[in-house]
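Examination of the molecular architecture
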Amino acid sequence: MISKIIIFIVLFIAWLYVLTVFKRKKLEFFYFLIGSIGTFLFSFIALRNLLTKILTTLTCFITGMIGNALGLFKAYTSHSILFIENTEGPISLYVDFECGGVIEILVFISLVWFFAVYKVKEKLLISLAGIVWIIASNIIRLFSICLIINKFGNESYYVAHTIIGRLIFYTLSIILYFYVFTRAQIRKQRVGEFGYDNEDGK
């Protein structure tokens, strides 16, 4: 255990040193690439278990609260389980690591903090907004899966979970990434009169 912690610290210090080299040499692409990857990996290793517990519990609780209010399904938050009843018999849906959105949140934050377009205050606000968006996207995905199973039976589980649920989540993720990264990059680096916003009446 101690040896793993030592290795982690040594690699973390080496990563920070490499970043300072890229920064001094003004190698912005490599600074962004190595910085984002390193931030994700180190934060994932250090925070995975804690974030998984928090996010799965929170996601299960909110989704279950909505489902219970509509009389569609119930949540057993302590076990991170959504219990869905339908005409074919009850089925339980376990809200696990994948459903919690840990990877998606850490990837998003890692990219934002090494994305040169934003200032520090903007990065903080965007990170918080992105976390809320990703959690909400997961809740919408889970609710959609449970709703389909409730209405169409247990045989619809595969289609609901593997296809429809993922399409909903990834569509919402693409919207987030477009506004945070693609649109912002174009707005900050305007070429001539081209841009998303018509400023000063132009």
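Residues numbered from 1 in each chain as written. Predicted model: local features only at pLDDT ≥ 70, side-chain atom pairs only at ≥ 80, totals over all residues. Heavy atoms only, no water.

1. Re the packing of aromatic side chains
In the structure shown here, the tally under the stated rule is 19 aromatic pairs. Aromatic side chains Phe-44 and Phe-97 sit 6.1 Å apart centroid to centroid with 70° between the ring planes, which places their arrangement in the edge-to-face category. Here the residue Phe-44 occupies a position in helix 2 (residues 28–69), and Phe-97 occupies one in helix 3 (residues 97–100), the gap between them amounting to 53 residues. The partly exposed category is assigned to Phe-97, whose relative accessible area is 24%. The residue whose ring lies beneath Lys-23 is Tyr-31, and the NZ or CZ to ring-centre distance is 4.6 Å. The ring of Phe-169 is capped by Arg-141, whose NZ or CZ atom sits 5.9 Å from the centre of that ring. (Phe/Tyr/Trp six-rings, centres within 6.5 Å; stacked < 30°, edge-to-face > 60°. Helix = DSSP H or I, 4+ residues; strand = E, 2+ residues; numbered from the N terminus. Buried < 20%, exposed > 50% of the residue type's maximum accessible area, 1.4 Å probe, protein only. Lys NZ or Arg CZ within 6 Å of the ring centre and 35° of its normal.)

2. Some remarks on the packing of helix 2 against helix 5 (residues 120–152)
The description of two packed helices rests on the angle between their axes and on the distance between the axes. Contact geometry of helix 2 with helix 5 gives a least axis separation of 9 Å together with a crossing angle of 50°. On the basis of the axis angle, helix 2 is oblique to helix 5. Here the hand of the crossing between helix 2 and helix 5 comes out right-handed. Two secondary-structure elements touch here, helix 2 through Leu-55, Leu-58, Thr-59, Ile-62, Thr-63 and Ile-66 and helix 5 through Ile-135, Asn-138, Ile-139, Leu-142 and Phe-143. Residue classes in the contact of helix 2 with helix 5 are distributed as 8 nonpolar, 3 polar and no charged. (Axes fitted to C-alpha atoms, helices over the stretch in contact; angles between N-to-C directions. Parallel < 35°, antiparallel > 145°, perpendicular 65-115°, else oblique. Left-handed = near helix turned anticlockwise from the far one by under 90°. Contact = heavy atoms within 4.5 Å. Nonpolar A, V, L, I, M, F, W, Y, C, P; charged D, E, K, R; others polar.)

3. With respect to the state of the cysteines
For the structure shown, the criterion picks out 0 disulfides. Take Cys-60: it sits in no disulfide, and the sulfur closest to it among the cysteines is that of Cys-146, at 8.9 Å. What makes Cys-60 buried here is its relative accessible area of 0%. (Disulfide = S-S within 2.5 Å.)

4. Looking at the pairing of strand 3 (residues 91–94)
Successive side chains on a regular strand alternate, one facing one side of the sheet and the next facing the other. When strand 2 (residues 81–84) meets strand 3, the two strands line up antiparallel, connected through 4 bridges. Across the sheet, the residue bridging to Phe-83 is Ser-92, located in strand 3. The turn linking strand 2 back onto strand 3 is made up of 6 residues, and Gly-89 within it adopts a positive phi angle of 115°. (Pairing = 2+ DSSP bridges.)

5. Side note on the nonpolar core
Side chains of nonpolar character tend, in soluble globular proteins, to be buried together. If you look at the biggest cluster of nonpolar residues, it comprises 20 residues, and the most contacted ones within it are Phe-108, Val-112, Tyr-118, Ile-126, Ile-134, Val-180 and Phe-181. Ranked by size, the runner-up nonpolar core spans 15 residues in total, among them Leu-82, Val-95, Phe-143 and Ile-149. (Core = buried A, V, L, I, M, F, W, Y, C linked by side-chain atoms within 4.5 Å.)

6. Describing the pattern of salt bridges
Oppositely charged side chains may form a pair once their charged atoms are brought near each other. Applying the stated criterion to the full structure yields 1 salt bridge. Glu-98 serves as the salt-bridge partner of Arg-166, at 3.4 Å between the closest nitrogen and oxygen. Remark: Glu-98 occurs in helix 3 and Arg-166 occurs in helix 6 (residues 157–188); sequence separation between them is 68 residues. Owing to a relative accessible area of 32%, Arg-166 belongs among the partly exposed residues under this scheme. (Salt bridge = Lys/Arg side-chain N within 4 Å of Asp/Glu carboxyl O.)

7. Observations concerning the environment of Val-132
Along the chain, Val-132 falls in helix 5. Here Val-132 falls in the exposed class, since its relative accessible area comes to 54%. Counting along the chain gives 27 residues from Val-132 to Ile-105, while the straight-line C-alpha distance between them is 9.3 Å.

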